[in-house]
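Summary of structural features
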Amino acid sequence: MEGVAAAGGGAVWVCGGVRWMCGRTRKRSLGVAFLLLWGAARVYRYYVHKKRRERWANAGQDVVIVHAFPKGRYTPNMSPFVLKLETYLRLAQITYQVDYEEPLGPKALCPWITLNGEEVADSQLIMERLGRQYDKNFESKLLTKEQQAVARAFSLMVSEHLAWCLRDWRYVTDYGQGIRQGMSHIPLYYYLLFPYLRRRMIKALKIQGVGRHTHSQVQHMVKQDLAALSHYLGEKPFLMGEEPCEVDCTVFGFLSQLLWNYPGSPYIIMLNNDFRNLQQYHRRLKDRLWPDWDSCLDPPRTS
Ligand SMILES: N[C@@H](CCC(=O)N[C@@H](CS)C(=O)NCC(=O)O)C(=O)O
(Lines give C-alpha, C1' and ligand atoms only; values in the text may rest on other atoms or scores of the structure.)
Protein backbone atom coordinates (compact mmCIF):
# COMPACT_ATOMS: atom_id res chain seq x y z
CA MET A 1 0.00 0.00 0.00
CA GLU A 2 2.79 2.31 0.96
CA GLY A 3 4.55 1.58 -2.34
CA VAL A 4 1.37 2.40 -4.30
CA ALA A 5 0.93 5.63 -2.35
CA ALA A 6 4.57 6.56 -2.97
CA ALA A 7 4.21 5.81 -6.70
CA GLY A 8 0.97 7.90 -6.84
CA GLY A 9 2.67 10.79 -5.07
CA GLY A 10 5.59 10.62 -7.48
CA ALA A 11 3.26 10.69 -10.51
CA VAL A 12 1.44 13.76 -9.19
CA TRP A 13 4.79 15.46 -8.58
CA VAL A 14 6.02 14.64 -12.13
CA CYS A 15 2.72 15.83 -13.74
CA GLY A 16 2.81 19.04 -11.73
CA GLY A 17 6.41 19.64 -12.81
CA VAL A 18 5.61 19.04 -16.48
CA ARG A 19 2.60 21.41 -16.25
CA TRP A 20 4.78 24.02 -14.59
CA MET A 21 7.39 23.69 -17.35
CA CYS A 22 4.72 23.88 -20.08
CA GLY A 23 3.33 27.07 -18.47
CA ARG A 24 6.77 28.63 -18.40
CA THR A 25 7.48 27.61 -21.98
CA ARG A 26 4.13 28.98 -23.10
CA LYS A 27 4.79 32.29 -21.39
CA ARG A 28 8.27 32.46 -22.87
CA SER A 29 6.95 31.64 -26.37
CA LEU A 30 4.29 34.31 -26.00
CA GLY A 31 6.93 36.79 -24.89
CA VAL A 32 9.17 35.94 -27.84
CA ALA A 33 6.21 36.18 -30.28
CA PHE A 34 5.26 39.56 -28.85
CA LEU A 35 8.83 40.84 -29.17
CA LEU A 36 9.05 39.59 -32.76
CA LEU A 37 5.73 41.25 -33.66
CA TRP A 38 6.75 44.49 -31.97
CA GLY A 39 10.10 44.45 -33.78
CA ALA A 40 8.43 43.72 -37.13
CA ALA A 41 5.96 46.59 -36.55
CA ARG A 42 8.86 48.95 -35.76
CA VAL A 43 10.75 47.94 -38.89
CA TYR A 44 7.60 48.30 -41.02
CA ARG A 45 6.90 51.74 -39.50
CA TYR A 46 10.46 52.84 -40.13
CA TYR A 47 10.24 51.68 -43.75
CA VAL A 48 6.88 53.42 -44.35
CA HIS A 49 8.17 56.66 -42.75
CA LYS A 50 11.33 56.52 -44.87
CA LYS A 51 9.35 56.05 -48.09
CA ARG A 52 6.96 58.89 -47.19
CA ARG A 53 9.82 61.21 -46.36
CA GLU A 54 11.47 60.46 -49.69
CA ARG A 55 8.20 61.28 -51.44
CA TRP A 56 7.74 64.53 -49.51
CA ALA A 57 11.35 65.58 -50.10
CA ASN A 58 10.75 65.14 -53.84
CA ALA A 59 7.52 67.16 -53.91
CA GLY A 60 9.35 70.00 -55.63
CA GLN A 61 11.76 72.77 -54.66
CA ASP A 62 10.18 75.12 -52.09
CA VAL A 63 6.81 73.30 -52.09
CA VAL A 64 5.43 73.24 -48.56
CA ILE A 65 3.83 69.98 -47.46
CA VAL A 66 1.39 70.57 -44.60
CA HIS A 67 0.80 67.45 -42.52
CA ALA A 68 -2.68 67.56 -41.07
CA PHE A 69 -5.63 65.65 -39.64
CA PRO A 70 -8.27 64.59 -42.19
CA LYS A 71 -10.56 67.21 -43.80
CA GLY A 72 -13.76 68.18 -42.06
CA ARG A 73 -17.36 68.05 -43.26
CA TYR A 74 -17.94 71.77 -42.63
CA THR A 75 -14.39 73.19 -42.50
CA PRO A 76 -11.31 72.18 -44.54
CA ASN A 77 -9.81 71.07 -41.25
CA MET A 78 -11.11 70.43 -37.73
CA SER A 79 -7.89 71.76 -36.25
CA PRO A 80 -7.84 75.55 -35.80
CA PHE A 81 -4.04 75.45 -36.05
CA VAL A 82 -4.11 73.74 -39.44
CA LEU A 83 -6.66 76.27 -40.74
CA LYS A 84 -4.53 79.12 -39.36
CA LEU A 85 -1.48 77.80 -41.22
CA GLU A 86 -3.31 77.09 -44.48
CA THR A 87 -4.86 80.57 -44.37
CA TYR A 88 -1.42 82.10 -43.94
CA LEU A 89 -0.05 80.08 -46.87
CA ARG A 90 -2.88 81.38 -49.01
CA LEU A 91 -2.35 84.96 -47.85
CA ALA A 92 1.38 84.66 -48.62
CA GLN A 93 0.63 82.88 -51.92
CA ILE A 94 3.03 80.07 -51.09
CA THR A 95 2.46 76.82 -52.99
CA TYR A 96 1.51 74.00 -50.64
CA GLN A 97 0.11 70.51 -50.57
CA VAL A 98 -1.71 68.84 -47.71
CA ASP A 99 -0.77 65.35 -46.56
CA TYR A 100 -3.18 63.42 -44.36
CA GLU A 101 -1.06 60.29 -43.86
CA GLU A 102 1.03 61.46 -40.93
CA PRO A 103 -0.75 64.21 -38.96
CA LEU A 104 1.53 64.18 -35.93
CA GLY A 105 5.06 65.36 -36.50
CA PRO A 106 8.38 65.62 -34.70
CA LYS A 107 6.81 67.31 -31.65
CA ALA A 108 3.81 64.95 -31.68
CA LEU A 109 1.66 67.93 -32.67
CA CYS A 110 -0.43 68.81 -35.70
CA PRO A 111 0.28 70.69 -37.95
CA TRP A 112 3.86 70.31 -39.07
CA ILE A 113 5.47 70.85 -42.45
CA THR A 114 8.14 69.43 -44.70
CA LEU A 115 10.03 71.98 -46.76
CA ASN A 116 12.84 70.79 -49.03
CA GLY A 117 13.30 67.78 -46.75
CA GLU A 118 13.38 69.88 -43.55
CA GLU A 119 10.70 69.31 -40.87
CA VAL A 120 9.24 72.21 -38.89
CA ALA A 121 6.52 71.89 -36.23
CA ASP A 122 4.15 74.40 -34.53
CA SER A 123 1.94 76.68 -36.64
CA GLN A 124 3.48 79.87 -35.23
CA LEU A 125 7.09 78.76 -35.72
CA ILE A 126 6.21 77.53 -39.21
CA MET A 127 4.71 80.90 -40.16
CA GLU A 128 7.76 82.75 -38.83
CA ARG A 129 10.10 80.39 -40.69
CA LEU A 130 8.16 80.73 -43.97
CA GLY A 131 7.90 84.48 -43.47
CA ARG A 132 11.68 84.68 -43.43
CA GLN A 133 12.20 82.21 -46.25
CA TYR A 134 9.69 83.79 -48.66
CA ASP A 135 9.92 87.36 -47.38
CA LYS A 136 6.23 87.23 -46.38
CA ASN A 137 6.28 88.71 -42.94
CA PHE A 138 3.12 90.83 -43.15
CA GLU A 139 3.06 92.16 -39.60
CA SER A 140 6.62 93.47 -39.64
CA LYS A 141 6.07 95.02 -43.06
CA LEU A 142 2.63 96.56 -42.61
CA LEU A 143 2.48 97.45 -38.92
CA THR A 144 4.21 99.86 -36.57
CA LYS A 145 6.09 98.35 -33.61
CA GLU A 146 3.15 99.23 -31.35
CA GLN A 147 0.66 97.53 -33.68
CA GLN A 148 2.93 94.50 -33.88
CA ALA A 149 2.81 94.25 -30.11
CA VAL A 150 -1.01 94.36 -30.19
CA ALA A 151 -1.12 91.73 -32.95
CA ARG A 152 1.14 89.45 -30.93
CA ALA A 153 -0.96 89.88 -27.82
CA PHE A 154 -4.16 88.99 -29.75
CA SER A 155 -2.48 86.06 -31.42
CA LEU A 156 -1.40 84.64 -28.06
CA MET A 157 -4.78 85.36 -26.46
CA VAL A 158 -6.39 83.24 -29.16
CA SER A 159 -3.90 80.37 -29.47
CA GLU A 160 -2.84 80.12 -25.83
CA HIS A 161 -6.01 81.10 -23.94
CA LEU A 162 -9.10 80.88 -26.11
CA ALA A 163 -7.75 77.59 -27.52
CA TRP A 164 -7.71 76.00 -24.04
CA CYS A 165 -11.22 77.23 -23.26
CA LEU A 166 -12.41 75.69 -26.53
CA ARG A 167 -10.63 72.41 -25.80
CA ASP A 168 -12.58 72.37 -22.52
CA TRP A 169 -15.82 72.43 -24.52
CA ARG A 170 -14.71 70.08 -27.30
CA TYR A 171 -13.27 67.29 -25.19
CA VAL A 172 -14.82 67.65 -21.76
CA THR A 173 -18.30 69.19 -21.99
CA ASP A 174 -19.19 68.01 -25.49
CA TYR A 175 -17.45 64.64 -25.11
CA GLY A 176 -16.05 64.87 -28.68
CA GLN A 177 -19.53 64.93 -30.31
CA GLY A 178 -18.75 68.03 -32.39
CA ILE A 179 -15.59 66.35 -33.71
CA ARG A 180 -17.54 63.22 -34.68
CA GLN A 181 -20.26 65.25 -36.40
CA GLY A 182 -17.70 67.37 -38.20
CA MET A 183 -15.86 64.50 -39.85
CA SER A 184 -17.15 62.26 -42.61
CA HIS A 185 -14.37 59.72 -42.22
CA ILE A 186 -13.33 59.17 -38.66
CA PRO A 187 -10.31 56.92 -38.29
CA LEU A 188 -11.02 53.83 -36.17
CA TYR A 189 -8.19 54.73 -33.81
CA TYR A 190 -10.06 57.93 -32.91
CA TYR A 191 -13.00 55.93 -31.49
CA LEU A 192 -10.68 53.56 -29.71
CA LEU A 193 -8.47 56.27 -28.29
CA PHE A 194 -11.09 58.92 -27.45
CA PRO A 195 -11.57 57.97 -23.76
CA TYR A 196 -7.79 58.05 -23.32
CA LEU A 197 -7.44 61.34 -25.24
CA ARG A 198 -10.21 62.87 -23.15
CA ARG A 199 -8.56 61.82 -19.89
CA ARG A 200 -5.24 63.20 -21.15
CA MET A 201 -6.92 66.48 -22.13
CA ILE A 202 -8.61 66.82 -18.73
CA LYS A 203 -5.19 66.42 -17.11
CA ALA A 204 -3.58 68.92 -19.48
CA LEU A 205 -6.42 71.42 -18.83
CA LYS A 206 -5.87 71.07 -15.09
CA ILE A 207 -2.13 71.68 -15.45
CA GLN A 208 -2.71 74.64 -17.80
CA GLY A 209 -5.28 76.08 -15.40
CA VAL A 210 -8.46 76.46 -17.45
CA GLY A 211 -9.59 72.99 -16.34
CA ARG A 212 -9.82 74.18 -12.72
CA HIS A 213 -12.70 76.54 -13.47
CA THR A 214 -16.40 75.73 -13.79
CA HIS A 215 -17.80 75.45 -17.30
CA SER A 216 -19.78 78.66 -16.88
CA GLN A 217 -16.62 80.52 -15.81
CA VAL A 218 -14.86 79.17 -18.92
CA GLN A 219 -17.77 80.31 -21.10
CA HIS A 220 -17.47 83.76 -19.58
CA MET A 221 -13.76 83.79 -20.47
CA VAL A 222 -14.54 82.88 -24.08
CA LYS A 223 -17.07 85.70 -24.20
CA GLN A 224 -14.46 88.17 -22.91
CA ASP A 225 -11.92 87.04 -25.52
CA LEU A 226 -14.49 87.36 -28.31
CA ALA A 227 -15.55 90.77 -26.97
CA ALA A 228 -11.92 91.97 -27.01
CA LEU A 229 -11.57 90.88 -30.64
CA SER A 230 -14.91 92.38 -31.61
CA HIS A 231 -14.21 95.75 -29.95
CA TYR A 232 -10.76 96.03 -31.41
CA LEU A 233 -11.97 95.07 -34.87
CA GLY A 234 -14.80 97.60 -34.74
CA GLU A 235 -15.62 98.75 -38.25
CA LYS A 236 -12.19 97.92 -39.73
CA PRO A 237 -12.09 95.33 -42.51
CA PHE A 238 -9.30 93.36 -40.79
CA LEU A 239 -8.07 93.23 -37.23
CA MET A 240 -5.06 95.49 -37.71
CA GLY A 241 -6.47 97.73 -40.44
CA GLU A 242 -7.07 97.72 -44.16
CA GLU A 243 -5.03 94.61 -45.01
CA PRO A 244 -4.98 91.13 -43.44
CA CYS A 245 -1.86 89.83 -41.70
CA GLU A 246 -0.75 86.82 -39.64
CA VAL A 247 -3.02 87.52 -36.66
CA ASP A 248 -6.08 87.45 -38.96
CA CYS A 249 -5.06 83.94 -40.05
CA THR A 250 -4.97 82.85 -36.41
CA VAL A 251 -8.36 84.37 -35.60
CA PHE A 252 -9.84 82.94 -38.81
CA GLY A 253 -8.76 79.40 -37.85
CA PHE A 254 -10.57 79.63 -34.53
CA LEU A 255 -13.68 81.50 -35.69
CA SER A 256 -14.16 78.86 -38.41
CA GLN A 257 -14.25 76.17 -35.73
CA LEU A 258 -16.68 78.13 -33.57
CA LEU A 259 -19.00 78.82 -36.48
CA TRP A 260 -19.22 75.24 -37.78
CA ASN A 261 -17.74 72.70 -35.44
CA TYR A 262 -19.28 73.62 -32.07
CA PRO A 263 -22.92 72.59 -32.59
CA GLY A 264 -25.02 73.10 -29.47
CA SER A 265 -22.38 75.25 -27.80
CA PRO A 266 -23.12 78.68 -26.32
CA TYR A 267 -20.48 80.14 -28.63
CA ILE A 268 -22.54 80.09 -31.81
CA ILE A 269 -25.24 82.02 -29.95
CA MET A 270 -22.65 84.55 -28.73
CA LEU A 271 -21.37 85.09 -32.28
CA ASN A 272 -24.91 85.45 -33.63
CA ASN A 273 -26.20 87.74 -30.91
CA ASP A 274 -23.27 89.78 -29.63
CA PHE A 275 -20.42 89.70 -32.13
CA ARG A 276 -21.89 90.07 -35.58
CA ASN A 277 -18.90 92.08 -36.79
CA LEU A 278 -16.71 89.02 -36.14
CA GLN A 279 -18.96 86.97 -38.41
CA GLN A 280 -18.74 89.59 -41.18
CA TYR A 281 -14.97 89.75 -40.71
CA HIS A 282 -14.76 85.97 -40.97
CA ARG A 283 -16.78 86.05 -44.20
CA ARG A 284 -14.48 88.74 -45.64
CA LEU A 285 -11.42 86.58 -44.99
CA LYS A 286 -13.12 83.46 -46.32
CA ASP A 287 -14.23 85.18 -49.53
CA ARG A 288 -10.77 86.58 -50.07
CA LEU A 289 -8.56 83.63 -49.14
CA TRP A 290 -10.80 80.56 -49.46
CA PRO A 291 -12.81 81.00 -52.68
CA ASP A 292 -12.55 77.19 -53.06
CA TRP A 293 -13.75 76.52 -49.48
CA ASP A 294 -16.62 74.24 -50.56
CA SER A 295 -14.36 72.04 -52.66
CA CYS A 296 -11.95 71.66 -49.71
CA LEU A 297 -14.61 69.94 -47.59
CA ASP A 298 -15.14 66.21 -47.16
CA PRO A 299 -17.31 65.49 -49.07
CA PRO A 300 -16.90 68.55 -51.34
CA ARG A 301 -20.01 70.73 -51.24
CA THR A 302 -21.68 71.34 -54.58
CA SER A 303 -24.36 74.03 -54.38
N1 LIG B 1 1.19 75.31 -30.53
C2 LIG B 1 0.79 74.33 -31.50
C3 LIG B 1 -0.52 73.71 -31.05
C4 LIG B 1 -1.00 72.63 -32.00
C5 LIG B 1 -2.02 71.70 -31.35
O6 LIG B 1 -2.38 71.82 -30.18
N7 LIG B 1 -2.47 70.77 -32.14
C8 LIG B 1 -3.38 69.76 -31.66
C9 LIG B 1 -4.46 69.53 -32.69
S10 LIG B 1 -5.51 70.90 -32.88
C11 LIG B 1 -2.60 68.47 -31.52
O12 LIG B 1 -1.71 68.22 -32.29
N13 LIG B 1 -2.93 67.62 -30.56
C14 LIG B 1 -2.28 66.35 -30.45
C15 LIG B 1 -2.01 65.98 -29.05
O16 LIG B 1 -2.30 66.77 -28.16
O17 LIG B 1 -1.50 64.88 -28.87
C18 LIG B 1 0.66 75.00 -32.87
O19 LIG B 1 0.48 76.21 -32.93
O20 LIG B 1 0.79 74.30 -33.88
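Here we summarise the structure given alongside this text. All figures in this text were calculated on a predicted structure; none of them were measured in a lab. (Residues numbered from 1 in each chain as written. Predicted model: local features only at pLDDT ≥ 70, side-chain atom pairs only at ≥ 80, totals over all residues. Heavy atoms only, no water.)

1. Brief notes about the overall build of the chain
Scanning the chain for helices and strands turns up 11 helices and 4 strands. Against the 2.2 N^0.38 benchmark of 19 Å for 303 residues, the chain shows a C-alpha radius of gyration of 27 Å, more extended than a compact globule. Expressed as a percentage of its 303 residues, the buried residues of the chain come to 43%. Looking at the chain alone, contacts between residues at least 24 apart form 74% of all its contacts between residues at least 6 apart. Looking at the chain as shown, the accessible area adds up to about 17,000 Å², and 59% of this sits on carbon and sulfur atoms. For the chain, the distance from the average position of its 40 positive side-chain charges to the average position of its 28 negative side-chain charges is 10 Å. (Helix = DSSP H or I, 4+ residues; strand = E, 2+ residues; numbered from the N terminus. Rg over C-alpha atoms; globule rule 2.2 N^0.38 Å. Buried < 20%, exposed > 50% of the residue type's maximum accessible area, 1.4 Å probe, protein only. Contact = heavy atoms within 4.5 Å. Areas by Shrake-Rupley, 256 points an atom, 1.4 Å probe, with all protein chains shown as cover. Lys, Arg positive; Asp, Glu negative; His and termini not counted. Charge placed at Lys NZ, Arg CZ, Asp CG, Glu CD.)

2. Some thoughts on the pairing of strand S2 (residues 96–99)
Taken together, the 4 bridges between strand S1 (residues 64–67) and S2 define a ladder with parallel strand orientation. Among the inter-strand pairings, His67 is bridged to a residue of S2, identified as Asp99. In this fold, S1 hands off to helix H2 (residues 80–91), which returns the chain to S2; that crossover is right-handed. (Pairing = 2+ DSSP bridges. Right-handed = clockwise from strand over helix to strand, strands pointing away.)

3. Description of the layout of surface pockets
Taken as a whole, the second largest pocket holds about 160 Å³ of empty space. Contributing to the lining of the second largest pocket are Leu259, Trp260, Arg276, Gln279, Gln280, His282, Arg283 and Lys286. Going through the elements one at a time, helix H9 (246–260) and helix H11 (276–289) are the ones with two or more residues in the lining of the second largest pocket. The leading source of residues in the lining of the second largest pocket is H11, at 6 residues. For the lining of the second largest pocket, a count of residues per class yields 2 nonpolar, 3 polar and 3 charged. (1 Å grid on protein atoms, 1.4 Å probe; cavity = no way out; pocket = protein on both sides within 12 Å on 5 of 7 lines; lining within 4 Å. Points joined across faces, edges and corners; volume = space filled by probe spheres on them. Nonpolar A, V, L, I, M, F, W, Y, C, P; charged D, E, K, R; others polar.)

4. Section: the nonpolar core
A general trend in soluble globular proteins is that nonpolar side chains are found buried together. Ranked by internal contacts, the top residues of the largest apolar core, which has 71 residues, are Val64, Ile113, Leu130, Leu226, Leu239, Leu278 and Tyr281. By residue number, the principal contributor to this core is helix H5 (residues 145–173), which donates 12 residues. For Ile113, the contacting residues outside a window of four places in its chain are Val64, Ile65, Val66, His67, Leu85, Glu118, Glu119, Val120, Ile126 and Leu130. (Core = buried A, V, L, I, M, F, W, Y, C linked by side-chain atoms within 4.5 Å.)

5. As for the pattern of salt bridges
Here the structure, examined in full by the defined rule, presents 13 salt bridges. Put simply, Glu101 and Arg55 hold a salt bridge, and the shortest N to O gap is 3.1 Å. You can see Glu101 sitting in the loop between S2 and strand S3 (112–115) and its partner Arg55 sitting in helix H1 (residues 2–57), a full 46 residues away along the chain. Relative accessible area serves as the criterion here: at 46%, Arg55 is assigned to the partly exposed category. (Salt bridge = Lys/Arg side-chain N within 4 Å of Asp/Glu carboxyl O.)

6. Overview of a nonpolar patch on the surface
Residues Phe69, Leu104, Leu188, Tyr189, Tyr191, Leu192, Leu193 and Tyr196 make up a contiguous nonpolar surface patch of roughly 830 Å² in combined accessible area. Here Tyr189 shows up in helix H7 (residues 188–208). (Patch = residues over 30% accessible without salt bridge, like charges linked within 9 Å, V, L, I, M, F, W, Y side chains within 5 Å.)

7. Some thoughts on the state of the cysteines
Following the criterion strictly, the structure yields 0 disulfides and no others. Unpaired in this structure, Cys296 has its nearest cysteine sulfur neighbour in Cys249, at a distance of 15 Å. (Disulfide = S-S within 2.5 Å.)

8. Let's talk about the side chain of Asp168
Turning to its location among the elements, Asp168 is positioned in helix H5. It is Arg198 that comes nearest to the buried, bridge-free Asp168 among opposite-charge side chains, at 8.4 Å. Apart from residues lying up to four places away in sequence, Asp168 is in contact with Thr173, Leu205, Val210, His215 and Val218.

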